[in-house]
Each structure stands twice: as C-alpha cells, then as structure tokens.
Amino acid sequence: MCGITGFLSNGHRPIPVEAIEALADSVAHRGPDARALFIDNDAGIALGHLRLAIVDLTEAGQQPMTSPSGRYVMVLNGEIYNFKDIRRDLEAIGAAQWRGTSDTEVLLNAIERWGLERTLEISDGMFAFALWDRQQQELTLARDRFGEKPLIVARTSGGLAFSSQLGGLMAMPGFVGENDEQAIDQFLALSYIPEPRTPFRDAFKVPAGSYCIVKRGDTVLKPVIYWCASETAIAARRDLASTPDQVSEVKSAIEARLKRAVKNQMLADVPLGAFLSGGIDSSLIVALMQEVSTQPVKTFTIGFDEKAYNEADDARRIATHLGTDHTEFTFSWGEALGLVDKLPEFYDEPFADSSQLPTYLVSRTARSAVTVALTGDAGDEVFGGYNRHAIAAKYGKVLERTPGFVKAGLGHALAGPAQSQTLENILKSVGIGKNIRLLGEKAGKVAAMLRSSDRYALYQSLVRRDDALLGDQVIPNAFQTCHDQAARAGLDLPGYMMLMDTLTYLPGDILTKVDRASMAVALETRAPYLDHRLYALAWRLPSSEHIKNGRTKTVLREMLSRRIPDALLDRPKSGFGVPIAAWLRGPLKDWLVTHSEAFSRQNPRHAGKISQAMAALDAGSPSVHHFLWNVVMLQLWRNRYGSGTVSSSPRLAVAGAL
C-alpha cells in the first residue's frame, strides 16, 4: 500500500515540479519507505509514488515502474493478491520479462500482453493506479472493485491533478476549490460524502470498479465500469440455491473461498497480523489465519476504561482460545479526547464516523509490531450483519404492506426524545433489541422507519445521521443511481439493504475510515471479505440463509461455531464506538459550542438547524449528537484546510457519474 500522485498538463508549459513535490509531500505518510517521480515535460505528464514496501523490498520493486517494452509507466497503490498466479500464466505463454518479484511488475506485463480490460478482469486485489501510455499519449486512472483504495482527481488551470488523498490537491496551483454545497449537505446528513463527489465541484473520486482514460486537455472524464456489485448480485441470483443440498453446497464453497482469500492476503515480505475486536467478522478471519499459519498469528485490540465501549476482554478470550500472539492496549477517554482535534489531519476530507478515533488507535497499536493487518471489514455488508438487515428480514413484508397512513401515524406519535424510551421498552417487550447495544440511541430510527413511504425512503431513514434536520431531499440526490441499480435487482427488503450498503456506505464510510486511519501510521490493511468471488457466492444464498430467527450473519456464525465455542460469541453486537453523546454533553460541551457557533456564522443557512440540534441535545435526544459531531468535524476540517471558494469557473465534469 502506498501513496500515488500525478499531473497531466493541458498545455505546453513545463510541469510544475515544485507543486508535484508538494503534492507528494501531502501523502508521504502513506509511503515512508521510498519516494520517486517520473516526469516527461514533452508529454506533459508527471507521476509520483510514495512506497510502503510490502512485496519485493528490493529496488526492483520501486515505482514509478516502466513496462518491458517501455510503452507503459505505472504507479500503483495497493496489492494484487493473485499476482503469482498471473505471473505463472504469463510465463506459460512466454510473455514475461522479470526484473524482480513485485505485483506491480506482473500487472504491467499483463497489461502489455493482454490489455487493460482483461488484466482488470483477472486481478484480485485492492488497488488504485495510474498508467501512462506513451504510445497513445493517454493516462488511465483505475480503482478496485469495491473502492478499498482511494483515487481523487482535481481540475486546475494548468491541467488535471490526481492523488490518493484530497489534502494536497487543494494546494495545487490553479485549483479553485469551488464549494459543492450539495455534497456538504450530504456529509452533514451521512457523516461522509458519497462518491464520486468531494467537497468541491472541481474534484471527484474515481468510482469503485471503474477506470477513466484521459487525454491531454480533457475536462470531461468518462468512467468506464469494468465490475459492478449490483450486476454481480443479479447474476448470482440467477443461480440461487433453492434446495437444502444446493444451500449446503454453496456454503461449503463460501468457506473454501474465504479460506483461500485469507491465505492469499497473508502473502507479504514484512510482519503481518490482524485486528481482533472479538466480534464475528474479525474472529473468523483470525481463526482462518491461524489454521493456515505455521506460527501464532499476531492479533491486536484496544480497550477503553468504560465498560459499555470496551471489547478488550472478549477479544482476549478469543485470542487465548485460538492461541494467537495477542497485543492489547487500553486507553483512557482522556487520551482519546486528546486526539479529536487531530482527526482532520488523518482524514483530509470531511469525515465524521465517530469510530474513526478507535480505528486510528487500533491501527497505531498494530503498527508498533506489524506492517500489514487483516481486518473483518465488509462482513456486515456481504453477509447481512447490520441491525437494519435483521429488522428488514423480520418485519420487511409487514412494513411494505402496511398502509402508509397507518405507519406515518405511529411514526409521528413515537418521534422525539420523550417517546424514545417508551419505544425502547416496547421493542424489548416483543423481543426486538436483545442483542443490540445502545438500543435507546437506535430506537428513534424505528419512528423514522415507520414514517417512510417506500423502501428507498426506509433505507434513507435508517442510515441518515442528521436526525432528519436537513429535509427529505438531501440523501435521495446522493443515492439515486445506487437505488436504481438495487431496484433492478428485484431483491427482497434485506437483500435490497445489503446491496445498498455495498454500493454506498461501504466505500463512502467503512473503507474510507479504515484506509485513512491505517495509512496515517503507514499500516496496510486487507479485507478478505471483499474477495469478489466470495461476494458472488454469498449472493447465491437467499436472504433467509443469511439472517435466521433475528440473528444476523448466520453463514459466518456457522463457520465460526466449528472453531470457537458459542459461549465466547453470544453477546450484543458492538463494534468500535465512542460515547459521542456523553462527550458533547460533558467534557466537549464548550468545544462543541465554540465550533458550532463558528460554523453557524460561516453558514447561515444551517444556523437554525444547529440551534435546533443543540436544544435537542440538551433535552436528551438519543441521536442528534451525530449531526452535531458532523458539524464540528466539518468546521475543524475547514479550519485546517480552508473552506474553498465560490467560483463561476467551469466544473470538472464526470460523464454519467453525477
């Protein structure tokens, strides 16, 4: 995993070398082991690479790297897990010339032999790369299937610049930074900005599973989709397991594929370990790692000095059972609070999922001993693990068949802080919420859910974090394309929600959070659940096989029960979290007031909503703290990077994406 940068001029002026060097500086934390630039002034192209050496630690693995014929020059961020298989295939047809043993060299040889499309099709991995074609004078920018690795493009007066992160692009000469107010509203509602948007109208994220081919002077970028999560799900459902024998066969194939993905992702020439939270997802990954490893796997967890948010004891018991080499570090809330103001430096775009803080802390803990860590990320999206999936599975048919006026009446009657405790009691009395931590915070979602008119509105009500303060049209504008894709799949309600999460929440929130937190300390993280063949297999099972009797991730639980006693796993769903509401009402109250007032002065159109939210927080609202955390994180980001400029200059157009 590394940092990549570059620039494609739109004229004939020399490449701004100092600016490219500064752009590389902005992502130097992603690749502390080596640094190099490729510059061709005649062609108007510059490529930069900051290396975190993982495979082939020699100079033969250095980038930018040129293909054997000299036609292509590449910078790659990420890993190609099956590069050894691809290398053997190339050798079998006598189409390879090797200088070293890196995956980048294999990728270049494959592109030179088979072309871009076929190479992307056969590559398993997480990656973002830039490929300069000297023959065609074209720049290709490509990103992995699920969007694990970031790639952001910005228009400047001198041409197009790109980078692994947004921060350095804002300082490029000629970058205007025209504010995208719609993207900002989406951030305040969701805690992240959905791709392909950024805070600026003249910058965008290359969409997951796509590539763009850019010629000198281009201002309209046309992403080409080479892999689509929704189309993959639709194709898998055509071969849906419908008999007990078929279900058993698919489950066996899932287990075999997951084990292979884990083994493939354990390949590294540097120390490797895993995050272990004690939950289903990470515990299964660690159990499989231990099965294929010849020595104890290094595992890492963090704890906090507040019981409701501390998973360290659970993780320790599982580590002991599996026999891992376990490291645990306990933080006080004071230590965690001391890092809050630094979060915009780690996440150099607006980002406010509050678990960003413990994710950074566990990454820092792991980096003290390893350079690569496997994670349990995406188990929820692929195998149906969120509370909203369970609610959809149990009550989906009732919700979709109940007349709208009946649901709306109940929803409005149960809305508000005073009613949330009553609703929590009702849910528990009918058996909902037994395994849901902090149910009171989530109970308000049920009221919003009841007020929803259709499944799209229902999904929005369950994922938004602004307490509906910003109105009904903020999220539809963000997710409409994804909804259209999910709707075409003809899925039941839990399947629809799982697919929507894969298309939106996974790349926008989960993968962004882990990438920035781990890269802030130069740690590479890998997610075996995002093997695309495993994903296709999971969609061959009906939703009823993923969620049974109110229990989520049944397939993963069955696999894990053969390796870890159920007694070690039967507890409420947790995940990394921090007590944001308590912080904002207590030790961070003055901090909240200061930054929210500054935000209101600079953004008068939101001032009324912020005042409303502050009053609701004081009144005991179970959920409005998420919106206020978003506000403060955005204000801190603006303090650190500047707020952008309102400009009438032409935007960077992304054909078919916005």
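Here the structure is a predicted model, which means the values were calculated and not measured.

Trainee: Mind showing me how you'd approach the sheet that holds strand β9 (residues 159–163) here?
Mentor: Think of a sheet as strands paired side by side through backbone hydrogen bonds, with each pair either parallel or antiparallel. Taken together, the six strands give an open sheet; going across it, the order is β2-β3-β1-β9-β8-β10, and neighbouring strands pair in antiparallel fashion. Unpaired on one side and paired on the other, β2 (34–40) and β10 (203–205) mark the two borders of the sheet. For this sheet, the mean angle separating the axes of adjacent strands, direction not counted, is 10 degrees. The pairing of strand β1 (residues 2–9) with β9 spans five bridges and is classified as antiparallel. What sits directly across from S9, in β9, is G159. Where helix α1 (residues 17–26) meets the sheet, it contacts β1, β2, β3 (45–51) and β9, and its direction lies at approximately 150 degrees from that of β2.

Trainee: Whenever I open this one, the environment of T481 confuses me. Can you help?
Mentor: Tracing the sequence through the fold places T481 in helix α19 (residues 474–488). Since its relative accessible area comes to 49%, T481 is described here as partly exposed. As a C-alpha pair, T481 and L503 span 22 residues in sequence and 9.7 Å in three-dimensional space.

Trainee: Would you take a moment to explain the pairing of β1 for this structure?
Mentor: Remember that side chains alternate between the two faces of the sheet whenever the strand is regular. The element β1 is extensively covered by neighbouring structure, given that eight of its eight residues are classed as buried. Here β1 shows no split at all, with C2, I4, G6 and L8 on one side and G3, T5, F7 and S9 on the other all buried. Relative to β3, β1 runs antiparallel, the two being bridged by seven bridges. Bridging across to β3, G3 finds its partner in L50.

Trainee: Would you take a moment to explain the sheet that holds strand β5 (residues 72–80) for this structure?
Mentor: Here we have six strands laid out as an open sheet, ordered β4-β5-β6-β7-β11-β13, and antiparallel in their pairing. In the strand order of this sheet, the two ends are held by β4 (65–66) and β13 (224–225), each with one partner. Pairing of strand β6 (residues 125–133) with strand β7 (residues 138–143) involves six bridges; the strand directions are antiparallel. When the bridges of β7 are listed, W132 appears paired with L139. Running over the sheet, helix α3 (residues 103–114) touches β4, β5 and β6 and is turned about 125 degrees from β5.

What counts and what doesn't
- Residues numbered from 1 in each chain as written.
- Predicted model: local features only at pLDDT ≥ 70, side-chain atom pairs only at ≥ 80, totals over all residues.
- Heavy atoms only, no water.
- Pairing = 2+ DSSP bridges.
- Helix = DSSP H or I, 4+ residues; strand = E, 2+ residues; numbered from the N terminus.
- Axes fitted to C-alpha atoms, helices over the stretch in contact; angles between N-to-C directions.
- Contact = heavy atoms within 4.5 Å.
- Buried < 20%, exposed > 50% of the residue type's maximum accessible area, 1.4 Å probe, protein only.

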